Amino acid sequence: MPRNIADVFRSLGMQEIEKVIYEKIAEGEDVYAILKECQDEMAKVGERFESGEFYLAELIISAKMFEKVAGILSPKIKERGSEAIESIGTIVLGTPKGDVHNLGKNIFAIMAKSAGFEVLDLGVDVPAQKFIEAALQVGPKIIGMSGLLTLVYPSMKEVVDLLKEQGLRDRVKVIIGGGATGEEARRYVGADAQTLDAAEGVRICKKLIDPSTAGGGAYDGN
Amino acid sequence: MTEIERLRACVALDKVDRPAILPSYMDRFAAMQAGLTFADILERPDEASAAMRRLWDRLGGWGDAVYYAGGTDIYYLSVKFLMRILLPGKHLPRDSYWQIQEMPIIEREDYSLLTRMGWNDFALEMIPRVWEISPEEMERYGSVEAYNRGQAERSLDQYRKDTDLWRQKGVEVFVGASVPSPQMALSCARSLTEYTLDLYEIPDKVEEAVWAALPDLIQNGIAGCKATGIPCVAIILERGSGAYYRLNLFERFEFPQLKKMIEEFVRNGITPLLHLDTDWSKNLPYFKEFPKGKVIASLDGTTNMFNAKKVLRDHVCLMGDVPASLLVAGTTGEVEAYVRKLVEEVGDGGGFILGTGCSMPPNALFQNVKTMIDTCKSYG
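Cut-off values and rules
Numbering of residues starts from 1 in every chain and runs along the sequence as written. Whichever chain is written first becomes A and whichever ligand is written first becomes 1, with later ones labelled in order. Given that the model is predicted, a residue must reach a pLDDT of at least 70 before its local features are reported, and side-chain atom pairs must reach 80 or more before they are shown or counted; all residues, however, enter totals for whole chains, interfaces and linings. Two strands make a pair as long as DSSP finds a minimum of two bridges between them. Each helix is a run of H or I in the DSSP string that is no shorter than four residues. Each strand is a run of E no shorter than two, and both are numbered from the N terminus. Lines fitted to C-alpha atoms define the axes, with helix axes restricted to the stretch in contact, and inter-axis angles between N-to-C directions lie between 0 and 180 degrees. With respect to orientation, any angle under 35 degrees is reported as roughly parallel, any angle over 145 as roughly antiparallel, any angle of 65 to 115 as roughly perpendicular, and every other angle as oblique. With the far helix as reference, a near helix turned anticlockwise by less than a right angle produces a left-handed crossing, and one turned clockwise produces a right-handed crossing. Contact criterion: two residues are in contact if their C-beta atoms, reconstructed from the backbone, are within 7 Å. Gly is placed with the polar residues, together with every amino acid not listed as nonpolar (Ala, Val, Leu, Ile, Met, Phe, Trp, Tyr, Cys and Pro) or charged (Asp, Glu, Lys and Arg).

### Considering the sheet that holds strand 7 (residues 296–299) of chain B
Here is step 1 of the chain: Pairing in this open sheet of seven strands is parallel, and the strands run 1-9-8-7-6-5-4 (chain B) from one edge to the other. The open sheet has two edge strands with one neighbour each: strand 1 (20–21) and strand 4 (177–180) of chain B.

### Structural notes on the packing of helix 3 (residues 31–51) of chain A against helix 4 (residues 56–79) of chain A
All names here are of chain A.
Here is step 1 of the chain: At a minimum axis distance of 10 Å, the contact between helix 3 and helix 4 shows a crossing angle of 165 degrees. The angle between helix 3 and helix 4 falls in the class roughly antiparallel. As helix 3 packs across helix 4, the resulting crossing turns out to be left-handed. Together, Val31, Ile34, Leu35, Cys38, Met42, Val45 and Phe49 of helix 3 and Glu58, Leu59, Ser62, Phe66, Val69, Leu73, Lys76 and Ile77 of helix 4 make up the contact between the two elements.
Here is step 2 of the chain: Its residues placed into classes, the contact of helix 3 with helix 4 shows twelve nonpolar, one polar and two charged.

### Topic: the packing of helix 7 (residues 119–130) of chain B against helix 9 (residues 144–168) of chain B
The geometry of a pair of packed helices is captured by two quantities: the angle between their axes and the separation between those axes.
Residue and element names in this part refer to chain B.
Here is step 1 of the chain: For the pair helix 7 and helix 9, interaxial distance at closest approach is 10 Å and the crossing angle is 90 degrees. With respect to their mutual orientation, helix 7 and helix 9 come out roughly perpendicular. Contacts between helix 7 and helix 9 pair Leu124, Ile127 and Pro128 from the former with Val144, Glu145 and Asn148 from the latter.
Here is step 2 of the chain: Of the residues in the contact of helix 7 with helix 9, the class split is four nonpolar, one polar and one charged.

### As for the sheet that holds strand 4 (residues 173–177) of chain A
Residues and elements named next belong to chain A.
Here is step 1 of the chain: Strand order in this open sheet of five strands is 2-1-3-4-5, and the pairing throughout is parallel. Of all strands in the sheet, those with a lone pairing partner are strand 2 (117–121) and strand 5 (193–195), marking the two edges. Recorded for the sheet is a direction-independent mean angle of 25 degrees between the axes of neighbouring strands.
Here is step 2 of the chain: As judged from the five bridges shared by strand 1 (residues 89–94) and strand 2, these two strands associate in the parallel manner.

Here's what the structure looks like:
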């Protein structure tokens with residue numbers, strides 16, 4: 001029996017998702033509508049994770065599923081040309097210089113995209129200047145830096161210091177994340193927010209760009 | 001009461017004058033304090049362990065024993081978990097930290113091979129996938145097996161030598177060997193993402209493999225402790241916690257194997273020290289099935305230590321958990337306040353060892369580390 005997108009996400013149907021998406025396309029359903037439905041399901045995944053109903057495993061699998069969806073739909077959306085998907089803001093993302101870990105960053109990137117952000121992922125071991133160049137180029141609302149080592153705190157701080165030097169700090173919010181970060185690290189770096197998990201990170205980012213968005217989090221509300 | 005007696009009393013949940021202190025993995029912090037690079041730690045283990053002893057003196061002793069005798073043996077880190085590691089001085093600048101490449105080293109079809117071979121023979125087969133043996137070394141040893149045996153002898157000789165040097169200073173070494181749980185080993189070898197998909201898509205194959213890996217991993221822990229003469233094994237866990245997987249998966253792929261490991265180690269007179277990175281809050285009630293007063297649960301600052309005390313009081317010794325962020329970027333006042341809270345709440349009634357969350361950060365502030373140690377000592 002054919003299943004809908006909500007059912008497939010709910011049951012973590014990694015093997016089914018592509019089939020369901022192709023079926024919907026073949027039935028003539030609008031690609032934006034399909035994408036929107038998947039984004040809504042990913043938002044629910046984030047909520048389920050934060051409420052404790054879902055675990056990191058389910059977050060990882062859902063993110064992989066959304067990656068597959070985006071892989072199918074993106075070329076078709078590009079074919080439509082000028083009809084760009086409405087983005088709620090751009091996040092410049094990366095693992096700063098001195099750290100090559102990317103697992104948490106990659107999950108966050110997918111979750112953020114599914115939440116409507118445009119994400120420019122600079123990769124790992126990224127020098128501070130690259131973050132600034134990207135910020136000047138795309139004008140992000142947020143810079144996100146992820147790291148697993150305490151050794152990257154100075155690299156994160158360098159990015160914030162350079163943002164100040166360039167007169168960009170007032171225009172860009174900064175969030176840091178990763179297993180070795182904490183409130184003390186946020187304070188040292190001069191970031192606006194800190195998180196240990198991707199779902200919370202996305203919720204905080206939404207709040208950072210729109211304080212009326214529901215939900216709190218480990219962020220400096222100033 | 002001697003320092004090592006205090007540590008053993010904490011494990012046994014006996015009353016003590018103050019909690020014992022055992023910060024883990026001090027080699028990287030010691031190296032940075034001594035101006036050594038991370039490449040130096042790997043290439044010159046004698047210098048790395050000498051730096052640890054100098055740091056011990058500067059801090060007036062950092063604990064009631066040292067956790068590991070010497071610096072990190074990166075070959076064993078790589079082979080033990082079947083992970084490819086980027087090395088400072090080779091793949092990275094000399095002052096960069098060594099870093100794991102999260103990627104699948106083994107494929108789905110390799111589960112069957114592991115199930116047939118057991119962990120040790122399987123891992124031997126996989127060594128070329130994680131560790132580059134130079135043509136000169138291959139010529140010298142003749143085979144991967146001989147190379148691996150040579151590395152084992154070298155590593156053991158170094159550990160014994162470092163242990164002797166600590167004993168000459170009147171300091172005991174606490175941990176004699178370390179092993180991953182089967183789930184941890186497989187998650188590292190497959191990569192977290194692929195292993196997670198395997199759990200959902202081919203659970204029976206994974207279950208066969210974790211049980212097949214178990215006997216060798218137990219024997220490796222027992223043999224390691226016998227070889228070093230130090231009866232404590234660190235069981236490295238992280239990726240099986242309730243932060244990652246729901247409890248039905250924990251009950252199938254982690255807990256029964258871990259329980260068996262612990263029972264076998266305890267039966268052999270070995271103290272299991274569970275290195276529990278990530279949040280284990282949901283799993284803690286299961287730990288009451290472990291033998292009382294025989295096990296250390298070392299938490300990393302992610303699991304709420306104060307709740308853990310409520311759950312495991314009078315059953316399991318807790319260790320931890322001064323967070324890395326606090327040691328690197330906190331103030332001495334914040335460190336002191338946190339340690340006091342730990343000592344007074346988690347240390348209440350015994351069964352607590354003060355430690356770092358996971359490992360001592362290489363770039364921790366010296367004054368913060370000193371404050372952490374001195375604050376705890378002030379209760380004695």
